[in-house]
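Now for the letters of each chain:
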Amino acid sequence: MAQALRPNTAGSLFATDGRSHPVQDALLAVTLVLGVVSFITAQFHSLHLLSSWTGLVGIVTGAYGQWISETTRERFGLILGLGASGLGFFLGMAHGGLFG
């Protein structure tokens, strides 16, 4: 009968403690989107403004998300977003920087 006593984890996709974390989930989504945009636009020299600014904002939102995150799943996604944001930011800086 131990199978009937499973915890209900329907609170959030990334919450393993059974509660919903809307702020952390929003920061995770924003960090991932900014990271992907920053990484993709960093591949083009003419888009260095977009890649450097989205990378910088992605790093800031990811760092704050790491600070207030409560579950390992949230932290894992934030690390992916932070990595992509960091790569996009540094490549954008190498291609021209924040101000052209």
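Heads up: the structure comes first, above all this text.
Residues numbered from 1 in each chain as written. Predicted model: local features only at pLDDT ≥ 70, side-chain atom pairs only at ≥ 80, totals over all residues. Heavy atoms only, no water.

**Focus: the overall build of the chain**
Reasoning step 1: Along the backbone of the chain there are three helices and zero strands.
Reasoning step 2: Listing the helices and strands of the chain from first to last along the sequence gives α-α-α.
Reasoning step 3: Taken across its 100 residues, the chain has 37% of its residues classed as buried.
Reasoning step 4: With an accessible surface of roughly 6100 Å², the chain has 72% of that area assigned to carbon and sulfur atoms. (Helix = DSSP H or I, 4+ residues; strand = E, 2+ residues; numbered from the N terminus. Buried < 20%, exposed > 50% of the residue type's maximum accessible area, 1.4 Å probe, protein only. Areas by Shrake-Rupley, 256 points an atom, 1.4 Å probe, with all protein chains shown as cover.)

**Considering helix 2 (residues 48-68)**
Reasoning step 1: Between its first and last C-alpha atoms helix 2 spans 30 Å; for 21 residues at 1.5 Å apiece the expected length is 30 Å, and the two agree.
Reasoning step 2: Those residues of helix 2 that fall on the buried side of the exposure criterion are His 48, Ser 51, Ser 52, Thr 54, Gly 55, Gly 58, Thr 61, Gly 62 and Gly 65.
Reasoning step 3: Among the structural elements, helix 1 (22-41) and helix 3 (72-95) are those in contact with the buried residues of helix 2. (Expected span 1.5 Å × (residues − 1). Contact = heavy atoms within 4.5 Å.)

**Overview of the packing of helix 1 against helix 3**
Reasoning step 1: Where helix 1 meets helix 3, the closest approach of the two axes is 7 Å, and the angle between their N-to-C directions is 30°. As the angle between them shows, helix 1 and helix 3 are arranged roughly parallel. Crossing handedness for the pair helix 1 and helix 3: left-handed. Here Gln 24, Asp 25, Leu 27, Leu 28, Thr 31, Leu 32, Leu 34, Gly 35, Val 36, Ser 38 and Phe 39 of helix 1 come into contact with helix 3, specifically with Glu 74, Gly 77, Leu 78, Leu 80, Gly 81, Leu 82, Ala 84, Ser 85, Leu 87, Gly 88 and Phe 89.
Reasoning step 2: Residues of the contact of helix 1 with helix 3, tallied by class, amount to twelve nonpolar, eight polar and two charged. (Axes fitted to C-alpha atoms, helices over the stretch in contact; angles between N-to-C directions. Parallel < 35°, antiparallel > 145°, perpendicular 65-115°, else oblique. Left-handed = near helix turned anticlockwise from the far one by under 90°. Nonpolar A, V, L, I, M, F, W, Y, C, P; charged D, E, K, R; others polar.)

**Quick word on the side chain of Glu 74**
Reasoning step 1: In this fold, Glu 74 is placed in helix 3.
Reasoning step 2: The side chain of Glu 74 sits in the buried core without any salt bridge; Arg 75 is the nearest counter-charge, 6.5 Å away.
Reasoning step 3: A polar contact of 3.0 Å, which involves the side chain of Glu 74, links it to the side chain of His 21. (Lys, Arg positive; Asp, Glu negative; His and termini not counted. Salt bridge = Lys/Arg side-chain N within 4 Å of Asp/Glu carboxyl O. Polar contact = N/O pair within 3.5 Å; in protein donor to acceptor, adjacent residues only side chain to side chain.)

**Here's the deal with the packing of helix 2 against helix 3**
Reasoning step 1: For the pair helix 2 and helix 3, the least separation of the axes is 7 Å and the interaxial angle reads 150°. By the angle between their directions, the pair helix 2 and helix 3 is classed as roughly antiparallel. In terms of crossing hand, the pair formed by helix 2 and helix 3 is left-handed. Taken together, the residues of helix 3 that come into contact with helix 2 (itself represented by His 48, Ser 51, Ser 52, Gly 55, Leu 56, Gly 58, Ile 59, Gly 62, Ala 63, Gly 65 and Gln 66) are Arg 75, Leu 78, Ile 79, Leu 82, Ser 85, Gly 86, Gly 88, Phe 89, Gly 92, Met 93 and His 95.
Reasoning step 2: Across the contact of helix 2 with helix 3, the residue classes tally to eight nonpolar, 13 polar and one charged.

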